[in-house]
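Structure at a glance
The residues making up each chain are set out below.
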Amino acid sequence: MGILPQSSEILNLIITAELLPRSELAPADRLTFSELAQSIRTAPASIRTLPIIFVGAFHTPGKHTGGILSHQYVVVGVQLSGGRRTYVRLEMFLAHTANNALAGPCVLACQTADDCAAITHNHPQTCALELAAGADPAGGPSLDALAELLALVEARVPARGYGALAHNCTWLTDLLVFVFARRFREHWLARGTLTPENT
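What counts and what doesn't
All residue numbers refer to position in the chain's written sequence, counted from 1. Totals for whole chains, interfaces and linings use all residues, but because this is a predicted model, local features are given only for residues with pLDDT of at least 70 and pairs of side-chain atoms are given and counted only at 80 or more. Only heavy atoms go into the side-chain values, all of them from the structure, while hydrogens and water stay out. When DSSP locates at least two bridges between a pair of strands, those strands are taken to pair. Helix and strand definitions here come from DSSP, where helices need a minimum of 4 consecutive H or I residues and strands a minimum of 2 consecutive E residues; each element is numbered from the N-terminal end. Any two residues having at least one pair of non-hydrogen atoms within 4.5 Å are treated as being in contact. For helices, the fitted line uses only the C-alpha atoms of the stretch in contact; every axis is such a line through C-alpha atoms, and the angle between N-to-C directions lies from 0 to 180 degrees. Put simply, two rings from Phe, Tyr or Trp (the six-membered ring, in Trp's case) pair if the centres are within 6.5 Å, and we call them stacked under 30 degrees between planes, edge-to-face over 60, tilted for the rest. When accessible area is computed with a 1.4 Å probe and restricted to protein chains, residues below 20% of their type maximum are described as buried, those above 50% as exposed, and intermediate ones as partly exposed. The rule is short: NZ of Lys or CZ of Arg within 6 Å of the ring centre and within 35 degrees of the ring normal puts a charge over the ring. A cavity here means a set of 1 Å grid points, computed over protein atoms only, where a 1.4 Å probe fits but cannot escape. A pocket is an open set with protein on both sides within 12 Å along at least 5 of 7 lines, and lining residues have an atom within 4 Å of a point. Grid points are joined across faces, edges and corners, and a volume is the space filled by probe spheres set on the points. Residues are grouped as follows: Ala, Val, Leu, Ile, Met, Phe, Trp, Tyr, Cys and Pro are nonpolar; Asp, Glu, Lys and Arg are charged; all remaining types, including Gly, are polar. For this analysis, a nonpolar core means a set of buried residues of the types Ala, Val, Leu, Ile, Met, Phe, Trp, Tyr and Cys, connected via side-chain atoms within 4.5 Å. Residue count minus one, scaled by 1.5 Å, sets the expected span of a helix. If you view the pair so one helix is near and one far, a crossing is left-handed when the near helix is turned anticlockwise from the far one by less than a right angle, and right-handed when it is turned clockwise. Put simply, a salt bridge is a Lys or Arg side-chain nitrogen that is within 4 Å of an Asp or Glu carboxyl oxygen.

Backbone-to-backbone hydrogen bonds join strands into a sheet, with any given pair of strands oriented parallel or antiparallel. Strand order in the open sheet formed by seven strands is β1-β6-β4-β3-β2-β7-β9, with antiparallel pairing between adjacent strands. Looking at the sheet topology across the chains shown, the edges are occupied by β1 (31–32) and β9 (192–195). Both strand β2 (residues 52–61) and strand β7 (residues 125–131) contribute to a ladder of five bridges, which runs antiparallel. Residue pairing across strands places glycine 56 opposite alanine 128, the latter belonging to β7. Helix-sheet contacts for helix α5 (residues 143–156) involve β1, β2, β3 (70–79), β4 (85–94) and β6 (106–113), and the interaxial angle to β6 is about 160°. Sheet strands touched by helix α6 (residues 169–183): β2, β3, β4, β6 and β7. Its angle to β3, the strand with the most contacts, is close to 30°.

Take a look at the structure:
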């Protein structure tokens with residue numbers, strides 16, 4: 001497709017053409033939220049309905065704060081045929097064009113991989129919603145639900161920009177996990193595992 005050096009099964013399934021024009025803030029090696037949402041929405045129904053069976057929050061020392069504040073992000077796991085999984089990492093960054101290390105334009109970016117460790121780099125996990133082994137994913141979130149959420153976030157969040165003490169990666173991570181937990185509450189309670197248990 002010409003814009004991303006990474007490759008994963010989910011990208012191969014949904015991306016069929018160049019995504020142009022791209023924002024000047026869009027990272028060269030990742031999709032934006034709107035690009036991923038657009039790609040899912042134009043994919044066949046068999047792809048759009050693939051179930052999301054894992055939603056987890058992770059953290060790593062933040063670059064812009066000298067490690068004082070952690071950088072947080074969400075990873076969603078998608079169930080493919082034959083029990084295989086592929087993963088999407090969702091995160092918010094301060095744009096490289098910002099003049100201030102703590103506030104400015106934001107970038108909402110996605111990274112994909114068929115191996116979870118390839119995009120989490122074994123960073124600590126803070127919480128997770130996961131479909132129990134052998135449980136039926138019916139009634140839970142799908143790629144369609146992810147596309148809807150990403151499009152909504154992309155439509156509202158960039159106008160507010162990034163603020164280290166307000167609208168930041170931690171805020172977005174909490175928002176994404178909470179939406180998946182709240183909207184599909186009965187599904188996770190009946191068929192999933194929550195980490196930690198009091199999540």
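Once that is clear, we can look at the packing of aromatic side chains. Per the stated rule, a full pass over the model turns up one aromatic pair. When the centroid spacing of 5.7 Å and the interplanar angle of 10° are considered together, the rings of phenylalanine 58 and tyrosine 73 count as stacked. Taken as a pair, phenylalanine 58 in strand β2 and tyrosine 73 in strand β3 lie far apart in primary sequence, 15 residues in all. The pair formed by phenylalanine 58 and tyrosine 73 is uniform in burial state, with each residue classed as buried. Over the ring of tyrosine 73 we find arginine 89; its NZ or CZ atom is 3.5 Å from the centre of that ring.

Our focus in this paragraph is the layout of surface pockets. Taken as a whole, the second largest pocket spans an internal volume of roughly 290 Å³. Going through the elements one at a time, α5 and α6 are the ones with two or more residues in the lining of the second largest pocket. Here the residues of the lining of the second largest pocket sort into 10 nonpolar, no polar and four charged.

Okay, the nonpolar core next. Counting residues in hydrophobic clusters, the biggest one holds 42 residues, and the most contacted among them are Val55, Val76, Leu90, Leu146 and Phe180. Counting only elements with at least two residues in this core, the list comes to α2 (33–41), β2, β3, β4, β6, β7, α5 and α6. Considering every element that reaches this core, the biggest residue donor is α5, with eight residues. Excluding residues within four positions of it along the chain, phenylalanine 180 makes contact with Ile52, Val55, Val76, Leu129, Pro141, Leu146, Leu149 and Trp188. The next biggest cluster of nonpolar side chains, apart from the first, holds nine residues, and it includes Phe58, Tyr73, Cys116 and Ile119.

Cis peptide bonds are those with omega within 30 degrees of zero, and the linkage from threonine 195 to proline 196 qualifies with -10°. Looking at where proline 196 falls in the secondary structure, it is placed in the segment after β9. In this structure, histidine 121 takes a positive phi of about 50° despite not being glycine. Topologically, histidine 121 is positioned in the loop between α4 (116–120) and β7. Phi angles above zero are rare outside glycine, and asparagine 122 is one such case at about 60°. Considering the arrangement of structural elements, one finds asparagine 122 in the loop between α4 and β7.

Here we come to α5. Under the 1.5 Å per step criterion, the end-to-end length of α5 is 20 Å for 14 residues, consistent within 8% with the ideal 20 Å. Among all positions in α5, only Leu143, Ala145, Leu146, Ala147, Leu149, Leu150, Ala151 and Val153 are buried.

Bringing the packing of α2 against α5 into the picture now. The geometry of α2 relative to α5 is characterised by a closest axis approach of 8 Å and an angle of 145° between their N-to-C directions. Judged by the twist between their axes, the crossing of α2 over α5 is left-handed. Here Phe33, Ser34, Leu36, Ala37, Ile40 and Arg41 of α2 lie close against α5, whose contacting residues are Leu143, Asp144, Leu146, Ala147, Glu148, Leu150, Ala151, Val153 and Glu154. Class assignment of the residues belonging to the contact of α2 with α5 gives a composition of 10 nonpolar, one polar and four charged.

Moving on: the pattern of salt bridges. The full count for this structure, using the stated rule, is five salt bridges. Linking arginine 48 and aspartate 144 is a salt bridge whose minimum nitrogen-to-oxygen distance equals 3.5 Å. Of this pair, arginine 48 sits in helix α3 (residues 45–48) while aspartate 144 sits in helix α5, placing them 96 residues apart in sequence. The exposure class assigned to arginine 48 is partly exposed, which follows from its relative accessible area of 23%. Overall, the relative accessible area of 30% leaves aspartate 144 in the partly exposed class. We note a salt bridge from glutamate 186 to arginine 185, for which the minimum N-O separation is 2.9 Å. According to the relative accessible area criterion, glutamate 186 is exposed, its value standing at 54%. Its relative accessible area of 46% is what places arginine 185 among the partly exposed residues.

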